[in-house]
Amino acid sequence: MSSTDLIKCCFDSIRQISDEVADAILYLDAGCLEAFQFLGVFPLLLELGVHAVCSLENMSPLDIVVDWTSSSMDPANKMVVITSRLLSDAHRYILRCLSTHQNVLRCTIFTSIAEIAHSAYVDSPLGPDAFREYESLLLQDYEELVRKSERKENSPFELNEFRETSESKSDERYSSREGSTSKDKDPILPCMEDEGWSNLVSGEDETPNAEASSIVRDLDEDKAMSSTENRWLRLVVSVQHFPMILCPLSPRVFVLPSEGAISEACLSNDHEDALSPGLPSMNTGLPSDGEDTPPGATLTAHFLYHMAAKMDLKMEIFSLGDLSKTIGKILTDMSSLYDVGRRNKRSAGLLLIDRTLDLITPCSHGDSLVDRMLASLPRRDRTTTTSHVKGSQIQKKHSPDNLQRDSLDVRIPLHRIFSEEHPTDSIPLSESIAAFMSGWDSTNSGFLISDAVEHNNKAYSGNSLHSDFNLLSGSFVATENYQGVHYLEAIFDRKTKDGALLVKKWLQETLRREKLTLNRKYRPNSAIASELHSMVKMLASNQTTLMRNKGIIQFAVAAETALSEPHCSRWDAFVSAERILRLSAGDTSQSLSGQICDLINKNIQELKKSAESSRGLLSFQDALLLAITGYILAGENFPTSGSAGPFSWEEERSLKESIVDAILENPAAAKFRFLNSLEEELEANLEKIKSDKTQESLSSQSKNDDFDDQWGSWDDEDTDHDNEQAYGGMQLRLELRDRVDQIFKIFHKLSGLKRRNPTFKEGMFPLESNFVGDSYVNRGLLYKLLTMVLGNYDIPGLEYHSSAVGRFFKSGFGRFGLGQAKPKLGDQSVLLVFVVGGINGLEVREAQEAVSESGRPDVELILGGTTFLTPDDMFDLLLGTSSYI
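Residues numbered from 1 in each chain as written. Predicted model: local features only at pLDDT ≥ 70, side-chain atom pairs only at ≥ 80, totals over all residues. Heavy atoms only, no water.

Tell me about the overall build of the protein, residues and numbers included.
Of regular secondary structure, the protein possesses 36 helices and 14 strands. When each of the 885 residues of the protein is scored for burial, the buried share is 53%. When contacts within the protein are restricted to residue pairs at least 6 apart in sequence, those whose partners lie at least 24 apart make up 80%. Of the roughly 40200 Å² that the protein leaves accessible, carbon and sulfur atoms contribute 49%. (Helix = DSSP H or I, 4+ residues; strand = E, 2+ residues; numbered from the N terminus. Buried < 20%, exposed > 50% of the residue type's maximum accessible area, 1.4 Å probe, protein only. Contact = heavy atoms within 4.5 Å. Areas by Shrake-Rupley, 256 points an atom, 1.4 Å probe, with all protein chains shown as cover.)

Describe the confidence of the model for the protein, naming the residues involved and giving the relevant values.
For the protein, per-residue confidence averages 77 on the pLDDT scale, and residues scoring 70 or more make up 69% of the total. Low pLDDT, under 50, characterises residues 161-217; the stretch is placed with 101 contacts to residues that sit more than four places away or in other chains. Contacts from residues 610-614, a stretch scored under 50 in pLDDT, to residues over four places away or in other chains number 2 contacts. (pLDDT = per-residue confidence, 0-100.)

Break down the pairing of strand β3 (residues 78-83) for me, citing the residues and quoting the values.
On a regular strand, each side chain points to the face opposite its neighbour's, so the side chains alternate between the two faces of the sheet. Counting buried residues in β3 gives 5 out of 6 residues, a clear majority hidden from the surface. Across 4 bridges, strand β1 (residues 25-28) lies against β3 in parallel orientation. Bridging across to β3, Ile25 finds its partner in Met79. Pairing analysis gives 6 bridges linking β3 to strand β4 (residues 106-111), with the strands arranged parallel. Note that in β4 the partner of Ile82 across the bridge is Phe110. Taken together, β3, helix α5 (residues 87-100) and β4 form a β-α-β motif whose crossover is right-handed. (Pairing = 2+ DSSP bridges. Right-handed = clockwise from strand over helix to strand, strands pointing away.)

Please provide a residue-by-residue account of helix α20 (residues 496-513), values included.
Relative to the 26 Å expected for 18 residues at 1.5 Å per residue, α20 spans 26 Å between its end C-alpha atoms, a close match to the ideal helical length. Those residues of α20 that sit buried are Thr496, Gly499, Ala500, Leu502, Val503, Lys504, Trp506, Leu507, Thr510 and Leu511. Next to the buried residues of α20 lie α15 (369-376), β10 (481-482), β11 (485-486), α19 (487-492), α21 (529-539) and α23 (550-563). One or two positions beyond α20, positive phi appears at Lys515, with a value near 60°. (Expected span 1.5 Å × (residues − 1).)

An account of the pattern of salt bridges is requested, with residue identities and associated values reported.
The tally for this structure, following the rule as stated, stands at 28 salt bridges. Between Glu799 and Lys325 there is a salt bridge whose closest N-O contact spans 3.9 Å. Taken as a pair, Glu799 in strand β12 (residues 799-801) and Lys325 in helix α13 (residues 322-338) lie far apart in primary sequence, 474 residues in all. Accessibility expressed as a relative area gives 33% for Glu799, which makes it partly exposed. (Salt bridge = Lys/Arg side-chain N within 4 Å of Asp/Glu carboxyl O.)

Help me get a handle on the pairing of strand β14 (residues 860-865), residues and values and all.
Within β14, 6 of the 6 residues are buried, leaving the element largely enclosed by the surrounding structure. The pairing of strand β13 (residues 830-836) with β14 spans 6 bridges and is parallel. If you follow Val833 over to β14, its bridge partner there is Leu863. Viewed along the sheet, the connection from β13 through helix α35 (residues 841-853) into β14 turns out right-handed.

Help me get a handle on the sheet that holds strand β8 (residues 313-320), residues and values and all.
Reading across the sheet, the 7 strands line up as β6-β7-β14-β13-β9-β8-β12 and stay open at both edges, with mixed pairing between neighbours. The open sheet is flanked by β6 (247-250) and β12, the only strands paired with a single partner. Here the strands of the sheet are splayed against their neighbours by 25° on average, with no regard to which way each runs. Where β8 and strand β9 (residues 346-354) come together, 8 bridges link them in parallel fashion. Considered in β9, the bridge of Phe318 is made with Leu351. Contacts between helix α1 (residues 6-15) and the sheet are confined to β6, β7 (253-255) and β14, with β6 contributing the most and set at about 145° to the helix. (Axes fitted to C-alpha atoms, helices over the stretch in contact; angles between N-to-C directions.)

Explain the side chain of Thr629 residue by residue, including any values.
Examined against the element boundaries, Thr629 turns out to sit in helix α26 (residues 620-637). Ignoring sequence-local partners within four residues, the contact set of Thr629 consists of Ile360 and Cys363.

Outline the packing of aromatic side chains, listing residues and values.
Taken as a whole, this structure holds 15 aromatic pairs when the rule is applied. When the ring of Phe318 is compared with that of Tyr800, the centres are 5.0 Å apart and the planes differ by 45°; the resulting orientation is tilted. Of this pair, Phe318 sits in strand β8 while Tyr800 sits in strand β12, and the two are 482 residues apart along the sequence. The same class applies to Phe318 and to Tyr800, which are both buried. Ring centres of Trp506 and Phe555 lie 6.5 Å apart, and the angle between their planes is 70°; this geometry places the pair in the edge-to-face category. Here Trp506 is found in helix α20, whereas its partner Phe555 is found in helix α23, with 49 residues between them in sequence. A relative accessible area of 3% means that Phe555 is categorised as buried. In this structure an aromatic cluster arises from ring pairing among Phe476, Tyr487, Trp506 and Phe555. Over the face of the ring belonging to Tyr93 we find Arg92, whose NZ or CZ atom lies 4.8 Å from the ring centre. A cation over an aromatic ring shows up here: Arg779 above the ring of Tyr783, its NZ or CZ 4.3 Å from the ring centre. (Phe/Tyr/Trp six-rings, centres within 6.5 Å; stacked < 30°, edge-to-face > 60°. Lys NZ or Arg CZ within 6 Å of the ring centre and 35° of its normal.)

Lay out the environment of Leu351 with the relevant residues and their values.
When you line up the elements, Leu351 lands in strand β9. Separated by 480 residues in the primary sequence, Leu351 and Leu831 have C-alpha atoms spaced 7.4 Å apart.

Please set out the side chain of Arg380 residue by residue, giving values where relevant.
With respect to the helices and strands, Arg380 occurs in the loop between α15 and α16 (428-439). Overall, the relative accessible area of 15% leaves Arg380 in the buried class. Of note is the side chain of Arg380, whose polar atom sits 3.5 Å from the side chain of Glu259. Polar side-chain contacts of Arg380 include one of 3.2 Å to the side chain of Ser407. Not counting the four nearest positions on each side in its chain, Arg380 is found in contact with Ala30, Glu34, Glu259, Ser407, Asp409 and Arg411. (Polar contact = N/O pair within 3.5 Å; in protein donor to acceptor, adjacent residues only side chain to side chain.)

How would you summarise unusual backbone geometry if you had to cite specific residues and measurements?
Cis geometry is found at the peptide bond from Glu565 to Pro566, where omega equals 0°. With respect to the secondary-structure elements, Pro566 resides in the loop between α23 and α24 (567-585). One non-glycine residue with positive phi stands out, namely Asp312, at about 55°. Of note, Asp312 is situated in the loop between α12 (295-310) and β8. Assessed through its relative accessible area of 47%, Asp312 is described here as partly exposed.

And the structure:
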C-alpha cells in the first residue's frame with residue numbers, strides 16, 4: 001500500500017479545482033499564501049492556466065490586467081478566492097475585489113473552514129447552511145455597493161446622504177441582532193460600519209496611482225456602456241470547502257498557517273487554569289463543559305476530520321490532556337454522523353496531545369538546526385491584524401481577541417550573497433537585479449536602464465544595499481530537494497552539527513556538478529559559516545548557476561545565518577544556561593533559585609555598562625525566559641516545596657527584587673505587556689536618577705567652598721523637594737512590584753503543572769523505571785509517549801474515543817460476550833500525532849528517533865501541530881503580547 005504524503009495530497013487537492021482556477025485571477029489571503037509558499041505550488045497554478053496570483057488583503061486594480069499565460073488580451077472575468085479564514089472575516093476583502101473588478105462575472109470562494117464549523121464557531125454569524133447564506137449576503141452587499149457607485153457618479157451630495165442612511169440602517173440592524181440569538185438575520189453588512197463605506201469602494205484615495213485607474217477604465221470601456229443595474233444580476237457566486245490549507249514542512253510534518261483562523265483561534269478561555277490564549281489550559285482531569293469549549297478546539301477538530309478524509313484515513317482517536325479530550329469527543333461525534341458506509345479507508349491512529357503537558361521542550365534551545373534557523377531568520381510582516389478585520393465580523397463577546405502569531409514565512413537574506421561585490425568587478429548579475437527591482441516601481445514611469453547602473457553604484461556606497469536589496473529574500477519550500485531528498489525533511493532528522501555537515505556536502509557536490517572549483521581548503525570535520533558562505537557565493541557567481549541551484553543556495557544561506565554571529569553565540573549561551581539550571585534542579589531549591597537570581601543580576605550588571613559592544617549575549621527578556629524554564633524544572637523536581645511556589649518566601653522575594661531592579665535600570669529593554677501605562681514613569685525615573693548622579697558629581701567638585709556659603713545654600717524647600725522625589729520613587733517601585741507579582745502568578749502556575757495534573761502526580765509515567773539512561777530522561781514528552789505506544793505499554797490518562805457503533809457493541813452485545821476489543825494505538829501502521837498548541841524541530845527529530853528505535857519499520861508517522869514554536873514564541877505566549885497578563 002502506498003505511503004502517506006502530505007505534499008502529494010495538497011497537490012492533488014489543487015488539481016481537483018483545476019476547472020475553477022483555469023483562466024481566473026486567483027486571490028490568496030495571508031494564510032493561504034504562507035501555505036502555498038511552503039508547498040511551492042505556483043508552477044502548478046501556472047500549469048493549470050491561472051491568469052495571476054494576487055494578495056487578497058493587498059488588492060490592486062492592476063491585478064486584473066496581469067496574465068501569466070498571455071493566452072488572451074482580455075482581462076479575466078473569473079475570480080477565485082482561497083481563504084484560510086472565516087467567511088465573515090474575509091468578507092470585506094472579497095467585497096473590495098468585486099467592487100474594483102466589476103467585469104468579473106463569476107466568483108468562486110474556497111474556504112478552509114468547513115460549513116458546519118462556521119455554524120458551530122461561537123462568533124460566526126452564519127447558520128447551518130453557511131455557504132448558501134453567505135452567497136446570498138455577498139450578492140446583497142455587492143448590489144448595495146453598486147448602487148452606491150451609481151449615486152457617486154450622479155452627485156457627491158447624494159452619496160453623503162446615502163452613506164448616512166446606510167450607516168444608520170446598519171446601526172439599527174446590528175442593534176436588533178444583539179437582542180436576538182438567531183443566526184438567520186443579515187449580520188455581515190451591518191458589522192462593516194466601524195470602517196465606513198468609503199473603505200470598501202475603490203475611489204481616488206484607494207487607487208494606487210492614476211495610471212493604474214486609467215488602464216482599468218480603458219479595459220472596461222466597452223462594458224461600461226451597459227447598465228450598471230445588471231452587474232449584480234450577472235454575477236454568479238459559489239462557496240466551496242477546501243480543507244488542505246496547511247504548511248507541510250516535509251511530506252510527513254505539518255503545521256497550520258500562522259494567519260489562518262485555526263491557528264489564531266484561542267485554545268483556552270481566560271480563567272484561573274489558563275496560561276495563554278495560544279495554549280491549552282492546565283490539566284485538571286475534570287470533565288469539560290460543552291459551553292466553555294474554546295473556539296480553537298472546534299476549528300481544530302473539524303480541520304483534522306476533513307484532512308483525514310482527504311487522505312482516505314479512518315481514524316481511531318486517542319487523546320491525552322483535557323483539551324485534547326474535548327477535541328477527540330468532537331471528532332468522534334463527527335465520525336459517527338458522517339462516516340457511515342465508508343469502509344474502503346486505511347485505518348490510522350490519531351493521538352491528540354495538549355502542549356501544556358510539556359512546556360519545557362519548546363522553551364528550551366535544543367540541538368536542532370531547523371530550530372536555530374527559524375529562531376535566527378527574520379519573518380515576513382503580518383499582512384493583517386485583528387483591528388483590520390474588526391469591522392467585518394460580529395463583535396466578539398464570548399472569547400478574547402484572536403492571537404497574532406508571527407508568520408512562518410521566513411525571509412532568507414539572499415542579498416548577503418551580493419554584498420561583497422563591487423561594480424568594477426564587471427559582474428552583471430547585481431546590475432540586473434537592480435534594474436529588475438527598479439523596473440517594478442510603477443510610480444517611476446521615467447526610469448531608464450541607464451539609471452539601473454547608477455542605482456547599483458549607490459547600493460554599494462551605503463546602507464541602501466540592505467534597504468533595497470532586502471526585497472531579494474528567499475523562503476523555505478518543502479518541495480525543494482537534492483536528487484529526490486527534501487532539504488527540510490533531511491535536516492529534521494539530524495542534530496545541528498550533522499545537519500550543517502550535510503548542507504556542506506550538498507554544496508560541494510553541487511559545485512562539482514557545475515564544474516566549479518573554490519580555491520580554499522576545507523577543514524575535514526567542520527561546517528563553518530564562512531565556508532558555506534564561500535561556496536554559496538561561487539554558485540551564485542552567475543545567473544545560470546544561481547537559478548539552477550536556487551533551492552540549495554537558499555537553504556545554505558539560511559544555515560549560514562543561523563551558524564553565524566550573533567545568532568550562534570546567543571543560542572549557545574542559552575544552551576549553557578539551561579544546562580546549569582538542569583544541574584541545579586537536581587540539587588536543592590536554594591541552588592536553583594540562586595542560579596535564576598544570578599542570571600537576572602548578571603543582566604543588571606551588563607545593563608550598567610555604557611558600551612554596547614561590551615553587553616552580554618542575553619537580554620533581560622532572555623533572562624525571564626530562563627526563569628520560566630527554571631520554574632518548570634522546580635515544579636518537576638520540588639513538587640512539594642510549597643503551595644504558592646517551589647521556593648521559599650525569602651528566595652522568591654530576592655527574585656522579585658532582582659526583576660524590579662532590572663526594569664528600573666533599563667526601562668527601554670523591558671517593553672512588556674504587564675508594564676503598560678508605566679513606560680513614561682519608568683523613563684522619567686531613569687532620567688531623574690541620571691540627573692541626580694550628575695548633580696552629585698558637580699557638588700563633589702565644590703567641596704572647597706566656604707562653610708558659610710554652604711550653610712546659606714541649605715533651605716527647607718530643597719529638603720521638601722528631595723522628600724517628594726523620594727516619595728515618588730517609592731510609589732513607582734511599589735507599583736512595579738505589583739506588576740511583577742503578575743509574572744510570578746504565571747511562574748507559580750508553571751511550577752504547579754505536574755502537581756495539578758492527575759496523570760503525572762506520581763511521575764511522568766509509572767513505567768518510566770523500565771527506561772533508564774540520559775538518552776531517555778532528557779528527552780521530551782513526545783519521544784517518551786511514542787516509545788511507550790510502540791512498545792504497547794499502557795499509558796495512564798490516555799483516553800480512547802469509541803465510535804457510536806463501538807459504544808453500542810460495548811453496552812449492548814458486551815453482556816453476551818460479543819463486545820469489541822479496545823484497539824491499541826501501537827497496533828496501527830499509520831500514526832497521526834497532533835500537538836494542540838504547537839511543535840518544534842527538536843520534537844520532530846526525537847519522534848522520528850522513537851519510531852526508528854522501536855524496530856517497527858512498517859509504522860508511518862505523521863506529525864502535526866497548531867504552529868511551529870520557537871523559545872521566543874513561548875515567551876510571547878506566556879509573558880508577552882499573546883499572554884493573559
